[in-house]
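Chain by chain, the residues run as shown.
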Amino acid sequence: NAGVTQTPKFQVLKTGQSMTLQCAQDMNHEYMSWYRQDPGMGLRLIHYSVGAGITDQGEVPNGYNVSRSTTEDFPLRLLSAAPSQTSVYFCASKAGGRTDTQYFGPGTRLTVL
Amino acid sequence: AQKVTQAQTEISVVEKEDVTLDCVYETRDTTYYLFWYKQPPSGELVFLIRRNSFDEQNEISGRYSWNFQKSTSSFNFTITASQVVDSAVYFCALSEWAISGNTGKLIFGQGTTLQVKP
């Protein structure tokens, strides 16, 4: 198993550009989520999904879109990048059991100029 | 509202010292889970431990131990005889169950940067 994979690893955007951060997992996990990590603020939840076709907003959803057309993939779209979206983005997944552990991808470091 | 506080922003110790990382949480939920994750300089997040709200037994895993106290809403992490390889950012996190349901949502603390000097 590859676990949770994220692409790209690094990305530089200009203000106003759009892009999609890819996330995939091969563990057949029901739950997937996106977090952003900023210095001094820990990780904050952007969007999450409890299954294919079902998504919901987390703590900081503005400026981001998600969809979950398959169990495996959970892409995060930046519609019009802003410097405030400069961050490290982590995708995570977990199985459906109550005590199942959440596994994180390696992260994507995004810089918006 | 749910919240996780790691008041120690940075800790620096010399190798072989013991160090305790503090974590205080707030939740209205009666069923919840607490976690510790390690983020080494390479950047990935490594799961260390999960504890549910009904299990207040302390846990020891090698040089690591965890002290969960519901009375003080704390879930502290102690590294005994620290090593340079323990240098990392450590995050405490909370997952609520009864109120939020099984969503997999984690609420993270701000993180504590631990530097272990040789």
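Each remark here, short or long, concerns the structure printed above.
Residues numbered from 1 in each chain as written. Chains lettered and ligands numbered in written order. Predicted model: local features only at pLDDT ≥ 70, side-chain atom pairs only at ≥ 80, totals over all residues. Heavy atoms only, no water.

1. Describing the state of the cysteines
A covalent bond between the sulfur atoms of two cysteines is referred to as a disulfide. Residue and element names in this part refer to chain A. Operational definition: Note on terminology: pairs of cysteine sulfur atoms within 2.5 Å are recorded as disulfides. For helices the rule is a DSSP run of H or I covering at least 4 residues; for strands it is a run of E covering at least 2, with both sets numbered from the N terminus onward. Only protein chains enter the area calculation, which uses a 1.4 Å probe; residues under 20% of their type maximum are buried, those over 50% are exposed, and those in between are partly exposed.
Evaluated as defined, the whole model comprises 2 disulfides over all chains. A sulfur-sulfur separation of 1.8 Å characterises the disulfide bridge that pairs Cys-23 with Cys-91. Handedness here is read from the sign of the S-S torsion; for Cys-23 and Cys-91, about -70°, the answer is left-handed. Here the residue Cys-23 occupies a position in strand β3 (residues 19-25), and Cys-91 occupies one in strand β9 (residues 87-94), the gap between them amounting to 68 residues. Exposure class is identical for Cys-23 and Cys-91. Each is buried.

2. Focus: the side chain of A:Arg36
Our working rule: Any pair of residues with heavy atoms lying within 4.5 Å of one another is described as a contacting pair.
For A:Arg36, the location among the structural elements is in strand β4 (residues 31-37). The residues contacting A:Arg36, other than those within four sequence positions of it, are A:Gly42, A:Leu43, A:Arg44, A:Ile46, A:Val60, A:Tyr64, A:Ser84, A:Gln85, A:Thr86, A:Ser87, A:Val88 and A:Tyr89.

3. Regarding the pairing of β4(A)
All names here are of chain A. Test applied: Two strands pair under a simple rule: DSSP has to find at least two bridges between them.
When you tally the buried positions in β4, you get 7 out of 7 residues, the bulk of the element. The side-chain alternation of β4 yields two buried faces, one formed by Tyr-31, Ser-33, Tyr-35 and Gln-37 and the other by Met-32, Trp-34 and Arg-36. Sheet analysis places β4 next to strand β5 (residues 43-51), joined by 6 bridges and oriented antiparallel. Looking at β5, one finds that Tyr-35 is bridged to Leu-45.

4. Things to note about the nonpolar core
Spelled out, the test is: Take the buried Ala, Val, Leu, Ile, Met, Phe, Trp, Tyr and Cys residues and link them wherever side-chain atoms come within 4.5 Å; each set so joined is a nonpolar core.
Counting residues in hydrophobic clusters, the biggest one holds 23 residues, and the most contacted among them are B:Trp36, B:Phe75, B:Phe77, B:Tyr90 and B:Leu114. Secondary structure elements with two or more residues in this core: β2 (10-14), β3 (19-21), β5 (32-39), β8 (64-69), β9 (74-79), β10 (88-96) and β12 (112-117) of chain B. With 4 residues, the top contributor of residues to this core is β10(B). Apart from the residues within four sequence positions on either side, B:Leu114 is in contact with B:Ile11, B:Val13, B:Val19, B:Ile79, B:Asp86, B:Ser87, B:Ala88 and B:Tyr90. Ranked by size, the runner-up nonpolar core spans 19 residues in total, among them A:Val4, A:Met19, A:Ile46 and A:Cys91.

This is a description of form; function is not addressed.
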